[in-house]
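Chains, contacts and geometry: an overview
Listed below, chain by chain, are the residues.
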Amino acid sequence: MRRWILMALVALLGAAAMTGLRTHSVSAHGETAQEGFVRMEALGWWDVKFSKSDLTQNDNMTVSGTAKILETWPSNMSDGAPKICYFTVVEPGARFVLVDRKINGMPAPQSFFCSKGGVYNFSMTLRARDPGSWHVHPTSAPAPRASASR
Amino acid sequence: MFWITAGFVVGAAANITHLLFAGDWDFWTDWKDRQWWMTITPFATIIIPSALQYIQWRAWRFPTGATYTAVCLFFCTWIGRLVQWKFFINMPINFVWSATWIPAGIITDYVLLKSRSFILTSLIGSATWTMAFWMSNYIMLLPFLQPTKFMDHTLTVADVQGISYIRAQTPEYLRVIEHGSLRTFLQETQYVSLAFGTTLCVFGYWVGQFIGRRLSVWPIFRYLKQY
């Protein structure tokens with residue numbers, strides 16, 4: 001009997017720990033853990049602007065700016081020259097809903113063709129979905145290999 | 001009581017096998033495609049039901065192994081979807097719902113009941129498993145395949161979900177789905193995939209039979225005596 005009570009207590013403790021693990025706020029998600037060549041030689045970002053930082057649910061926020069695929073793009077990534085790029089935001093779960101994305105003024109729901117040295121103006125409109133304080137910023141995910149095209 | 005307790009083990013085994021071989025295609029509505037999802041998933045998910053069919057049929061003449069595994073898989077998968085996808089990162093359930101195998105399990109068990117042969121079940125049952133998997137899940141998938149206009153593009157509702165609910169660092173080119181070559185067969189991708197999926201499923205069934213015969217609990221005494 002004592003064993004069963006002990007097991008039930010352990011299970012309850014486990015469940016409580018799981019509940020406590022739910023993410024309510026994330027201040028970063030491993031940006032500085034990336035290798036130096038990824039952070040310094042792949043993409044240059046400037047004029048990144050957030051239209052708002054405080055929103056109520058269903059409010060829209062636009063993240064805009066410019067990114068350049070640098071000439072120093074590392075040779076060990078995307079065969080040394082990315083061909084397909086994808087601009088999105090990173091966020092801890094589906095806290096925002098993407099309602100619009102434009103690359104160089106054109107609607108871009110998915111990825112687009114890109115090249116080394118290319119400069120891309122991006123604009124992403126996000127709708128607030130989940131209450132909380134969230135760490136959100138733009139990011140890019142070039143195809144790992146040139147052959148990864150559809 | 002034994003089968004209720006064993007349900008967690010069986011469900012976990014089936015879920016792990018599914019996730020290892022075909023997990024990606026089942027995670028999101030926009031990755032549930034007509035080529036890879038229905039080709040790989042029946043193969044991946046017949047393995048444990050086949051082993052359970054062997055155990056329950058040989059031990060008790062119960063033609064229930066596939067249904068039992070499908071029900072266990074149903075509960076285990078949904079615990080994962082609700083806790084991991086909904087509770088932790090708040091993905092909407094109608095984007096991350098799991099496929100079901102229960103109708104496929106019932107029909108495959110019926111094949112074993114009537115044929116009383118593992119060989120015939122592997123041939124006919126694999127076909128019914130694949131077909132029933134597709135038909136039962138297509139009903140749920142169909143609403144998400146309706147076309148809609150989004151960002152000046154014509155996309156499916158499933159695509160819109162995949163774009164709107166942001167999967168960080170998961171661009172759409174990561175999914176290996178629906179390459180165009182199969183469309184040459186009268187543009188009916190799914191029938192070619194179903195035929196291929198059935199063939200793979202026969203192989204998967206015998207992988208499961210091997211597990212059932214060699215590694216399962218029931219014949220362990222015979223196995224121990226032998227060695």
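Residues numbered from 1 in each chain as written. Chains lettered and ligands numbered in written order. Predicted model: local features only at pLDDT ≥ 70, side-chain atom pairs only at ≥ 80, totals over all residues. Heavy atoms only, no water.

**Re the sheet that holds strand β5 (residues 96–103) of chain A**
Residue and element names in this part refer to chain A. On the basis of which strands lie adjacent, the open sheet formed by five strands has the order β1-β2-β8-β5-β6 and antiparallel pairing. The sheet terminates laterally at β1 (43–50) and β6 (106–107), the two strands that pair on one side only. When β5 meets β6, the two strands line up antiparallel, connected through two bridges. Its bridge partner being in β6, Ile-103 is matched across the sheet by Met-106. (Pairing = 2+ DSSP bridges. Helix = DSSP H or I, 4+ residues; strand = E, 2+ residues; numbered from the N terminus.)

**Digging into the packing of aromatic side chains**
For any pair of aromatic rings, the description rests on two quantities: the centre-to-centre distance and the angle between the ring planes. Residue and element names in this part refer to chain B. Summed over the entire model, instances satisfying the criterion amount to 25 aromatic pairs over all chains. Ring centres of Trp-28 and Trp-31 lie 6.5 Å apart, and the angle between their planes is 70°; on these two criteria the pair is classed as edge-to-face. In this structure Trp-28 comes out as buried when scored by relative accessible area, which is 7%. When the ring of Trp-37 is compared with that of Trp-134, the centres are 6.1 Å apart and the planes differ by 75°; the resulting orientation is edge-to-face. Of this pair, Trp-37 sits in helix α2 (residues 37–60) while Trp-134 sits in helix α6 (residues 118–141), and the two are 97 residues apart along the sequence. The pair Trp-37 / Trp-134 is uniform in exposure class, with both members buried. Lys-32 extends its terminal NZ or CZ atom over the ring of Trp-97, reaching a point 4.2 Å from the ring centre. Here Arg-167 stacks its cationic end above the ring of Trp-28, 4.9 Å away from the centre of that ring. (Phe/Tyr/Trp six-rings, centres within 6.5 Å; stacked < 30°, edge-to-face > 60°. Buried < 20%, exposed > 50% of the residue type's maximum accessible area, 1.4 Å probe, protein only. Lys NZ or Arg CZ within 6 Å of the ring centre and 35° of its normal.)

**Observations regarding the pairing of strand β4 (residues 87–90) of chain A**
A regular strand places its side chains so that they alternate between the two faces of the sheet. All names here are of chain A. Residues of β4 alternate between two faces, with Phe-87 and Val-89 on one and Thr-88 and Val-90 on the opposite face, all of them buried. In this sheet, strand β9 (residues 137–140) lies alongside β4 in antiparallel orientation, the contact comprising four bridges. If you follow Phe-87 over to β9, its bridge partner there is Ser-140.

**Re α6 of chain B**
Remark: the principal bend of α6 of chain B, roughly 35°, maps to Ile-124 of chain B. Sitting at the amino-terminal end of α6 of chain B is Ser-117 of chain B, which places a side-chain oxygen 3.2 Å from the backbone nitrogen of Ile-119 of chain B. (Bend = angle between axes of the 7 residues up to and from the residue. Polar contact = N/O pair within 3.5 Å; in protein donor to acceptor, adjacent residues only side chain to side chain.)

**Quick notes on the side chain of Lys-32 of chain B**
Residues and elements named next belong to chain B. With respect to the helices and strands, Lys-32 occurs in the loop between α1 (2–27) and α2. Separated by 2.9 Å, the side chain of Lys-32 and the backbone oxygen of Trp-97 make a polar contact. Setting aside residues no more than four positions away along its own chain, Lys-32 makes contact with Trp-25, Asp-26, Phe-27, Trp-37, Trp-97 and Leu-141. (Contact = heavy atoms within 4.5 Å.)

**Some details on the packing of α2 of chain B against helix α3 (residues 65–88) of chain B**
Residue and element names in this part refer to chain B. At a minimum axis distance of 7 Å, the contact between α2 and α3 shows a crossing angle of 130°. The angle between α2 and α3 falls in the class oblique. In this structure, α2 meets α3 at a crossing whose hand is right-handed. For the pair α2 and α3, contact is made by Thr-45, Ile-48, Pro-49, Leu-52, Gln-53 and Gln-56 and by Gly-65, Ala-66, Tyr-68, Thr-69 and Leu-73, respectively. (Axes fitted to C-alpha atoms, helices over the stretch in contact; angles between N-to-C directions. Parallel < 35°, antiparallel > 145°, perpendicular 65-115°, else oblique. Left-handed = near helix turned anticlockwise from the far one by under 90°.)

**Points about the nonpolar core**
Counting residues in each nonpolar core, the largest one holds 38 residues, and the members touching the most others are Val-10, Trp-37, Ile-48, Tyr-68, Trp-101, Phe-118 and Trp-129 of chain B. Only α1, α2, α3, α5 (102–115), α6 and α8 (189–214) of chain B provide two or more residues apiece to this core. Considering each element in turn, this core owes the most residues, 12 residues, to α2 of chain B. Excluding anything up to four places from it in sequence, Val-10 of chain B contacts Ile-48, Leu-52, Tyr-68, Thr-69 and Cys-72 of chain B. In this structure, Leu-43, Met-77 and Cys-85 of chain A together with Leu-155 of chain B belong to the second largest nonpolar core, which totals 30 residues. (Core = buried A, V, L, I, M, F, W, Y, C linked by side-chain atoms within 4.5 Å.)

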